[in-house]
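Breakdown of the fold
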Amino acid sequence: DFFGLNGETLLSGDFNGDGRDDIVAFTHGSLADVYVALSTGTSFGGGLKWHDWFAPGAEVGAVGDVDGDGRDDIIAFTHDTNADVYVALSTGTGFGPGLKWHDYFSIPGEFPALGDVNGDGRDDIITFTQGPLTASDVIVSLSTGSGFGAPQKWHDLFAVGTEQPRVGDINGDGRDDIVTFTCNADADVYAAVSNGTSFVGTTVKWNDLFCLPGEFPYLGDYNGDGKDDIVAFTKGSFNDVHVGLSTGTTFLGATKWHDFFG
């Protein structure tokens, strides 16, 4: 009943490795604190400060298990002309010092994300350049467990312009794939699956009516079959939650799973 003030970045992840997702808040600004509230399985405990200087100012805070120890860590993209990437590893009770894992990744205007795209158990960093058709690349930097390697282009036409990209394992092969929601009047959903060295599929439509303008899309495995599905929060006056289950090659039509949430 008291977590996440205005302007903070709020995310979730399993920070103590008990198999339950916890919640995290990046305060940003001049304080740059990071608070965690651990899940008990029925509620979240009190917010505890796990780091006192991480993702200051307008840096982009993110979550992922970058060293493969089963505990989620925190990542900060400076997202400025320096384009540095910092990591603070979880000890299970706090986050260690912020260390630079990459010195040029995801410049302003791009969309940074994390996911285990090569299936080695370590989350990698991904950036969607989100330019026009001629410059909508997807760049990946693989985690070594102690740093991120050289950037590699894994796709050259994905998540154009204002589309909303997401990362998740939609075919259940243990490698994270990429999905983009047009979230316009067409409401299309495109996907490209990872083969371990690139994302395969250009203009492969997995759903043709999901996520209208103003809605919020995301990915998650909602039926427990090992394949990530799509979810959309309609927001607004309806506040519905729609899910499209993954078959491994497509997303089924939207089904309302909740009628007043978010």
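Preceding this section is the structure that the text describes.
The rules behind these values
- Think of each chain on its own: its residues are numbered from 1, step by step along the sequence as written.
- Local features in this predicted model are restricted to residues of pLDDT 70 or higher, and side-chain atom pairs are both shown and tallied only at a pLDDT of 80 or more, whereas totals for entire chains, interfaces and linings draw on every residue.
- Here the side-chain values reflect all heavy atoms present in the structure, with hydrogen atoms and water set aside.
- Note on conventions: DSSP H or I runs of at least 4 residues are helices, E runs of at least 2 residues are strands, and numbering of each starts at the N terminus.
- When we talk radius of gyration, it's over C-alpha atoms, and the globule rule is simply 2.2 Å times the number of residues to the 0.38.
- A simple rule labels every residue: compare its accessible area, found with a 1.4 Å probe on the protein chains alone, to the largest value its type can have, and call it buried under 20%, exposed over 50%, or partly exposed in between.
- Contact between two residues is taken to exist if any of their heavy atoms lie within 4.5 Å; hydrogens are not considered.
- Accessible surface is estimated by sampling points in the Shrake-Rupley manner with a 1.4 Å probe; for residues, cover comes only from the protein chains shown.
- Two residue types count as positive, namely Lys and Arg, and two as negative, namely Asp and Glu; His and chain ends fall outside the count.
- By convention, the charge on Lys lies at NZ, on Arg at CZ, on Asp at CG and on Glu at CD.
- Criterion for a disulfide: a pair of cysteine sulfur atoms within 2.5 Å.
- Being paired, for any two strands, means DSSP has found at least two bridges between them.
- All axes here are fitted lines through C-alpha atoms, helices being fitted over the stretch that makes contact, and every angle between N-to-C directions spans 0 to 180 degrees.
- What counts as a salt bridge is simple: a side-chain nitrogen of Lys or Arg found within 4 Å of a carboxyl oxygen of Asp or Glu.
- Two rings from Phe, Tyr or Trp (for Trp, the six-membered ring) form a pair when their centres sit within 6.5 Å of each other. Planes less than 30 degrees apart are called stacked, planes more than 60 degrees apart edge-to-face, and all others tilted.
- Whether a charge sits over a ring comes down to the Lys NZ or Arg CZ being within 6 Å of the ring centre and within 35 degrees of the ring normal.
- Here, the term nonpolar core denotes a set of buried Ala, Val, Leu, Ile, Met, Phe, Trp, Tyr and Cys residues that are joined through side-chain atoms within 4.5 Å.

1. Let's talk about the overall build of the protein chain
- Scanning the protein chain from N- to C-terminus turns up 0 helices and 21 strands.
- For the protein chain, the C-alpha radius of gyration of 18 Å lies close to 18 Å, the compact-globule estimate for 262 residues.
- Expressed as lengths along the three principal axes of its C-alpha atoms, the size of the protein chain is roughly 45 × 40 × 30 Å.
- Burial status across the protein chain gives 50% buried among its 262 residues.
- Of the contacts formed within the protein chain by residues at least 6 apart in sequence, a portion of 34% connects residues at least 24 apart.
- About 11,900 Å² of surface is accessible on the protein chain, with carbon and sulfur atoms providing 54% of the total.
- Treating the 12 positive side-chain charges of the protein chain as one cloud and the 39 negative ones as another, the clouds have centres 1 Å apart.

2. Some remarks on the state of the cysteines
- Applying the stated criterion across every chain yields a total of 1 disulfide.
- There is a disulfide in this structure between Cys183 and Cys211, and the S-S distance comes to 2.2 Å. Residues Cys183 and Cys211 are joined by a disulfide whose S-S torsion is about 90°; by sign, that bridge is right-handed. With Cys183 in the loop between β14 (177-181) and β15 (189-194) and Cys211 in the loop between β17 (205-207) and β18 (216-220), this pair connects stretches of sequence that are 28 residues apart.
- Judged by relative accessible area, Cys211 falls into the buried class, the value being 4%.

3. Observations regarding the sheet that holds β18
- Ordered in space as β18-β19-β20-β21, the 4 strands form an open sheet in which the pairing is antiparallel. The open sheet terminates on both sides in strands that have one partner only, identified here as β18 and β21 (255-258). Adjacent strand axes in the sheet meet at a mean angle of 30°, parallel and antiparallel pairs treated alike.
- Relative to β21, strand β20 (residues 241-244) runs antiparallel, the two sharing 3 bridges. Residue pairing in the sheet places Val243 in a bridge with Thr255 of β21.

4. Some points on the pattern of salt bridges
- In total, this model carries 10 salt bridges according to the counting rule given.
- Residues Asp33 and Lys49 are paired through a salt bridge, measuring 3.6 Å at the closest nitrogen-oxygen approach. With Asp33 in the loop between β2 (22-26) and β3 (34-37) and Lys49 in strand β4 (residues 48-51), the pair connects residues that are 16 residues apart, well separated along the chain.
- Asp69 is the salt-bridge partner of Arg71, the closest N and O atoms lying 3.2 Å from each other.
- Take Arg71: its relative accessible area is 25%, and that puts it in the partly exposed class.
- Relative accessible area serves as the criterion here: at 34%, Asp69 is assigned to the partly exposed category.

5. So, the sheet that holds β2
- As summarised here, the arrangement of the 4 strands in space is β1-β2-β3-β4, forming an open sheet in which the pairing is antiparallel. Each edge of the open sheet is held by one strand with a lone partner, namely β1 (9-13) and β4. Between one strand and the next, the sheet's axes are offset by a mean angle of 30°, whatever the strand orientation.
- With 5 bridges joining them, β1 and β2 adopt antiparallel strand pairing. The residue bridging Gly13 from the neighbouring strand is Asp22, located in β2.

6. Details of the packing of aromatic side chains
- Within this structure, the stated rule accounts for 13 aromatic pairs.
- Ring geometry for Phe111 and Phe128: centres 6.2 Å apart, planes at 65°, overall edge-to-face. Of this pair, Phe111 sits in strand β9 (residues 111-115) while Phe128 sits in strand β10 (residues 124-128), and the two are 17 residues apart along the sequence.
- Owing to a relative accessible area of 29%, Phe111 belongs among the partly exposed residues under this scheme.
- Take Phe128: its relative accessible area is 0%, and that puts it in the buried class.
- Connected via pairs of aromatic rings, a cluster forms that spans Phe216, Tyr218, Phe233 and Phe261.
- The ring of Phe216 carries the charged tip of Arg166 above its face, separated from the ring centre by 5.2 Å.

7. Points about the nonpolar core
- In this structure, Ile126, Phe128, Val138, Phe158, Ile178 and Phe199 are the most contacted members of the largest nonpolar core, which totals 14 residues.
- Elements supplying a minimum of two residues to this core: β10, β11 (138-141) and β15.
- Excluding residues within four positions of it along the chain, Phe128 makes contact with Glu110, Phe111, Ala113, Asp137, Val138, Phe158, Ala159, Pro165, Arg166, Val167 and Ile178.

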